[in-house]
Amino acid sequence: GIIRISGPQTSSISVKILGFKPEIRYAHTCKFLNHDHSVMDIGIAIFFEAPNSYTGEDTLELQCHGSLPLLNDILNRLISLGAVIARPGEFTERSFLNGKMDLAQAEAVADLIEASTAQQAKSASRTLAGAFSARINKLQTLLTQARINVEATIDFSDEDLELGSQKSRLELINTCVSNLDNVLKEAKQGLIITDGLQIVISGYPNSGKSTLLNALAGTDSAIVTAIPGTTRDVLNVEISIEGVPINLTDTAGLRKTSDPIEQEGVKRAQEAICSADHILLVIDATTLDRNFSNLREVVDSFLSNHSLKVNSKNRISIVINKLDLIENGEFPEAPLELLDFEVPVIAISAKTEKGTDKVRQHFLDVSGYIPSNEDNFSVRTRHINALEIANTHLVNATELAGSVNIELIAEELRLSQQALGRITGEFTS
């Protein structure tokens, strides 16, 4: 077990618990002493002097044996010497406040700890190492150059400054817009890896939703029976596809019922559908005619009967299930093309797992993830929002670049730079 102490009293506490003043960055094999100088444990102590430590403060690391009662005794000894138990994240907070890392890097520490896939861990590590911050800092430099150009023109309006020409202003601002656009695209890829995709599996009872969930998850997570209405509650399973976390939600089949338990399940299913990133509407192939000419009617009826509004945020795909129960077990492609459906349609057999690979690939397609990108970094929704605000002000500045209202251009550039500063904590509360 490892115990770390950080703060201005660390040096004096070190002498009391070790019995001597430790050398800087030297691994001492030594005794950890109690108040009566009895030995609590023998382990390794390493002292880091400010500012060369994680927190930027004097820090002592005690590597002890992993007995919980023993660790508690050592903690109590440290508390008696004036230490206090750190709040969750306090070491990283001190590191940020002492300038050892910026706000985006501090957030990446939590992202790295919470990572559930290798790709998430890799992206968080890149952000922690400063990959995302470096892109933001480069943008800040470009914006500073643009602001110098514009504000020099305002401050020295009587001078004939070549750098203040409309052409040079527009070129500088367009360079900022182009670079910001690239960072925004990369950031959105990072957000996909960080947040993943929330997929809700919906449909009528006994259409094979739970069987599909089990096939995609590779485990028997949901109970499957031939009895309609078996699934009564919302069931969540997380899977990973090429490093992208996909949260699958199996819901109760939507139908009118007098069973109060099933009614609650239907209510929860409707709530899950409304909050989903994407909806898989599962249709039983045996309920369709041979040419699937009634598919649109079935889909429209399902959505209207349950008052489900599918907008751009709640995109939908149709999965025709139970191919194994129709003649030849094949999916007639030609009739479907004639229907001219505006949403993707995938035909599968969840029971035999035929076509489930297409469903997995479809998840990547709807997420917008580009698997070939090896330079992803972890970001959060607030980072995307800040980048979009900065982009809006830059576009406004571009539109004003040809006008004589140079003060308005300067203000738009200032607001854009301020939005970027919120990402790294340069401008933040």
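The present account deals with the structure reproduced in this document. (Residues numbered from 1 in each chain as written. Predicted model: local features only at pLDDT ≥ 70, side-chain atom pairs only at ≥ 80, totals over all residues. Heavy atoms only, no water.)

## Describing the overall build of the protein
Counted only if it meets this: For the purposes of this entry, the term helix denotes a DSSP run of H or I that reaches at least four residues, the term strand denotes a run of E that reaches at least two, and both are numbered from the N terminus. Accessibility here uses a 1.4 Å probe with only protein chains present; expressed as a share of the type maximum, an area under 20% marks a residue as buried, one over 50% as exposed, and anything in between as partly exposed. We call two residues in contact whenever any of their non-hydrogen atoms come within 4.5 Å of each other.
In terms of regular secondary structure, the protein is built from 14 helices and ten strands. Here the protein, with 429 residues, has 48% of them falling under the buried criterion. A separation of at least 24 residues holds for 67% of the contacts in the protein among residues at least 6 apart in sequence.

## Observations regarding the nonpolar core
Worth spelling out the cut-off: We call a set of buried Ala, Val, Leu, Ile, Met, Phe, Trp, Tyr and Cys residues a nonpolar core when their side-chain atoms join them within 4.5 Å.
Phe 132, Ile 173, Leu 387, Leu 394, Leu 413, Leu 420 and Ile 423 are the most contacted members of the largest nonpolar core, which has 32 residues in total. For this core, the secondary-structure elements that each account for two or more residues are helix H6 (131-155), helix H7 (166-195), helix H13 (381-400) and helix H14 (406-424). Looking at this core element by element, the count peaks at eight residues for H7. The contact partners of Leu 420, leaving out residues within four places of it in the chain, are Ile 136, Leu 139, Gln 140, Leu 143, Leu 180, Leu 387 and Ala 390. Membership of the second largest hydrophobic core comes to 25 residues, among which are Ile 201, Leu 213, Ile 239 and Val 319.

## What to know about the side chain of Asp 284
Going by this rule: As used in this structure description, the phrase polar contact means that two N or O atoms lie within 3.5 Å; if the pair is within protein, one of them must be able to donate a hydrogen and the other to accept it, and residues adjacent in sequence are counted only when both atoms belong to side chains.
Summarising the element assignment, Asp 284 is placed in strand E8 (residues 278-284). Look at Asp 284 and you get buried, because its relative accessible area is 13%. One polar contact links Asp 284 to Thr 286, side chain to side chain, over a distance of 2.7 Å. Looking at Asp 284, its side chain comes within polar contact range of the side chain of Lys 322, at 3.4 Å. Ignoring sequence-local partners within four residues, the contact set of Asp 284 consists of Asn 206, Ser 207, Asn 321 and Lys 322.

## A word on the environment of Ile 74
Among the secondary structure elements, Ile 74 is positioned in helix H2 (residues 68-80). Given a relative accessible area of 0%, Ile 74 falls into the buried group. Residues Ile 74 and Leu 33, 41 residues apart in the sequence, show an inter-C-alpha distance of 8.7 Å. Each residue touching Ile 74, except ones within four places of it in the same chain, is listed here: Ile 3, Ile 17, Phe 32, Met 40, Asp 41, Leu 62 and Cys 64.

## Thoughts on the sheet that holds strand E7 (residues 244-250)
Applied cut-off: Whether two strands pair depends on DSSP finding at least two bridges between them. Interaxial angle, 0 to 180 degrees, is taken between N-to-C directions of lines fitted to C-alpha atoms, where a helix line uses only the stretch in contact.
Taken together, six strands build an open sheet; the order of strands is E6-E7-E5-E8-E9-E10 and the sheet is mixed. Strand pairing shows two members of the sheet lacking a second neighbour, strand E6 (235-241) and strand E10 (345-347), which therefore form its edges. Taken pair by pair, the neighbouring strands of this sheet meet at an average axis angle of 25°, ignoring direction. For strand E5 (residues 197-203) and E8, the ladder comprises five bridges, and the chain directions are parallel. Residue Ser 202 lies in a different strand from E8, and its bridge partner there is Leu 281.

## A look at the sheet that holds strand E4 (residues 59-63)
Read across the open sheet, the four strands follow the order E1-E4-E3-E2; overall the sheet is antiparallel. Among the strands making up the open sheet, the edge pair consists of strand E1 (2-6) and strand E2 (28-33). When strand polarity is set aside, the average angle formed by the axes of neighbouring strands in this sheet is 35°. Judged from the five bridges that link them, strand E3 (residues 39-48) and E4 form a sheet pairing that is antiparallel. Each residue of the ladder has a partner; that of Phe 48, found in E4, is Thr 59. Of the strands in this sheet, E1, E2, E3 and E4 are in contact with H2, which crosses E3 at around 60°.

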